[in-house]
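Reading the structure
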Amino acid sequence: MVANRIVKEKHEPVETPRVAWLMGLAAWAVPGAGHLLQRRWLRAALAGGSVWVMFLLGLWLGGHLYALTGNEQGFGVLLQLLPMIANVGSGLLYVVCWVANIGFAEQAQISTYEYGNTFLLVAGLLNYLVALDAFDIAAGRKK
Amino acid sequence: MKHLFWMSVFAVLTAVVFGVAAKGTERQKLMYGLKVFGEFLAVALILGWILYFIPFR
């Protein structure tokens, strides 16, 4: 009887509060904002700060951001789309660069170009992780 | 040295985010972050030496 109740409770759908989605969105848009809004100062400074530093270092090292140009043919679109998804993880940092046309030109002549690319890609991917962390905290799944 | 420097910067920043996003107590998070950082450096150095001895030309 008790075992049945425990199993039943485990399978009951848990509703995610709307604020959790907003926190996740804020965390994606501005790295660290999701934790800041939840007064997790240290996490915001460490995780958000790392993403900011990594993104800015990536630009400084000569890395370039990926975007779909419309000229890709066949499977070539995947070569742009997948890294673009990683870059978009940086949220508004990517959008601002896109609007201002910063960082979209390839600068392969710079010796640190590949480092820059890697930093920019990983900054976006890490921000997805940070956004998920902010979402989990707001949803009460994490302390 | 430039390679090692930028790889170390990368490892530090990534390890910090991994440590923050990890579950557990503050101490467990710190230890996880340090472990990730150490693993990044160790794997890079080991792979670097393996590739050094492989004749590509």
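All values reported here derive from a predicted model rather than from experimental measurement.

What follows is about the overall build of chain A. Each helix and strand counted, chain A has seven helices and zero strands in total. Walking chain A from its N terminus toward its C terminus, one meets helices and strands in the order α-α-α-α-α-α-α. The principal-axis extent of the C-alpha atoms belonging to chain A is close to 70 × 40 × 25 Å. For chain A, the residues scored as buried account for 38% of the 143 residues in total. Taking all contacts inside chain A whose residues are at least 6 apart in sequence as the whole, residues at least 24 apart take part in 72%.

In this section: the nonpolar core. Formed by 39 residues in total, the largest nonpolar core has its most connected members in Met54(A), Val130(A) and Val17(B). Counting residues per element, the ones that place at least two in this core are helix 2 (18-29), helix 4 (41-60), helix 6 (92-100) and helix 7 (113-138) of chain A together with helix 1 (2-21) of chain B. Look past the residues within four positions of Val130(A) in its chain and what remains in contact with it is Ala27(A), Pro31(A), Ala47(A), Gly48(A), Val51(A), Val17(B) and Ala21(B).

So, about the confidence of the model for chain B. Of the residues in chain B, 98% reach a pLDDT of 70 or more, and the chain-wide mean stands at 92. Under the prediction, the complex receives an ipTM of 0.87, its pTM being 0.87.

Before going further, it helps to spend a moment on the packing of helix 1 of chain B against helix 2 (residues 26-53) of chain B. Residues and elements named next belong to chain B. Closest axis-to-axis distance for the helix 1/helix 2 pair is 8 Å, and the angle between their directions is 150°. Relative to helix 2, helix 1 is oriented roughly antiparallel. Where helix 1 crosses over helix 2, the handedness of that crossing is right-handed. Across the interface between the two elements, Met7, Ser8, Ala11, Val12, Thr14, Ala15, Val16, Phe18, Gly19 and Val20 from helix 1 touch Lys29, Leu30, Tyr32, Gly33, Val36, Phe37, Phe40, Leu41 and Ala44 from helix 2. Split into classes, the residues belonging to the contact of helix 1 with helix 2 amount to 14 nonpolar, four polar and one charged.

Now for the packing of helix 7 of chain A against helix 1 of chain B. For the pair helix 7 of chain A and helix 1 of chain B, interaxial distance at closest approach is 10 Å and the crossing angle is 5°. In terms of axis orientation, helix 7 of chain A runs roughly parallel to helix 1 of chain B. Residues Tyr115(A), Phe119(A), Val122(A), Leu126(A), Leu129(A), Val130(A) and Asp133(A) of helix 7 of chain A touch helix 1 of chain B, and the partners they reach there are Trp6(B), Phe10(B), Thr14(B), Val17(B), Val20(B) and Ala21(B). Across the contact of helix 7 of chain A with helix 1 of chain B, the residue classes break down as 11 nonpolar, one polar and one charged.

So, on to helix 2 of chain A. For helix 2 of chain A, built from 12 residues, the straight-helix expectation of 16 Å at 1.5 Å per residue is met to within 8% by its first-to-last C-alpha distance of 17 Å. Regarding helix 2 of chain A, the residues found buried are Met23(A), Gly24(A), Ala26(A), Ala27(A) and Trp28(A).

Our next topic: the interface of chain B and chain A. Chain B puts nine residues into the contact, and the matching count from chain A is 15 residues. Looking at the side of chain B that touches chain A residue by residue, the classes come out as seven nonpolar, one polar and one charged.

All names here are of chain A. One non-glycine residue, arginine 39, lies in positive phi territory at about 60°. Along the chain, arginine 39 falls in the loop between helix 3 (33-37) and helix 4. Its identity as a non-glycine residue notwithstanding, asparagine 101 has a phi of 55°, on the positive side. As for its placement among the helices and strands, asparagine 101 is situated in the loop between helix 6 and helix 7.

Parameters at a glance
- Residues numbered from 1 in each chain as written.
- Chains lettered and ligands numbered in written order.
- Predicted model: local features only at pLDDT ≥ 70, side-chain atom pairs only at ≥ 80, totals over all residues.
- Helix = DSSP H or I, 4+ residues; strand = E, 2+ residues; numbered from the N terminus.
- Buried ≥ 20, exposed ≤ 12 C-beta atoms within 10 Å, placed from the backbone.
- Contact = placed C-beta atoms within 7 Å.
- Core = buried A, V, L, I, M, F, W, Y, C linked by C-beta atoms within 7 Å.
- pLDDT = per-residue confidence, 0-100.
- Axes fitted to C-alpha atoms, helices over the stretch in contact; angles between N-to-C directions.
- Parallel < 35°, antiparallel > 145°, perpendicular 65-115°, else oblique.
- Left-handed = near helix turned anticlockwise from the far one by under 90°.
- Nonpolar A, V, L, I, M, F, W, Y, C, P; charged D, E, K, R; others polar.
- Expected span 1.5 Å × (residues − 1).

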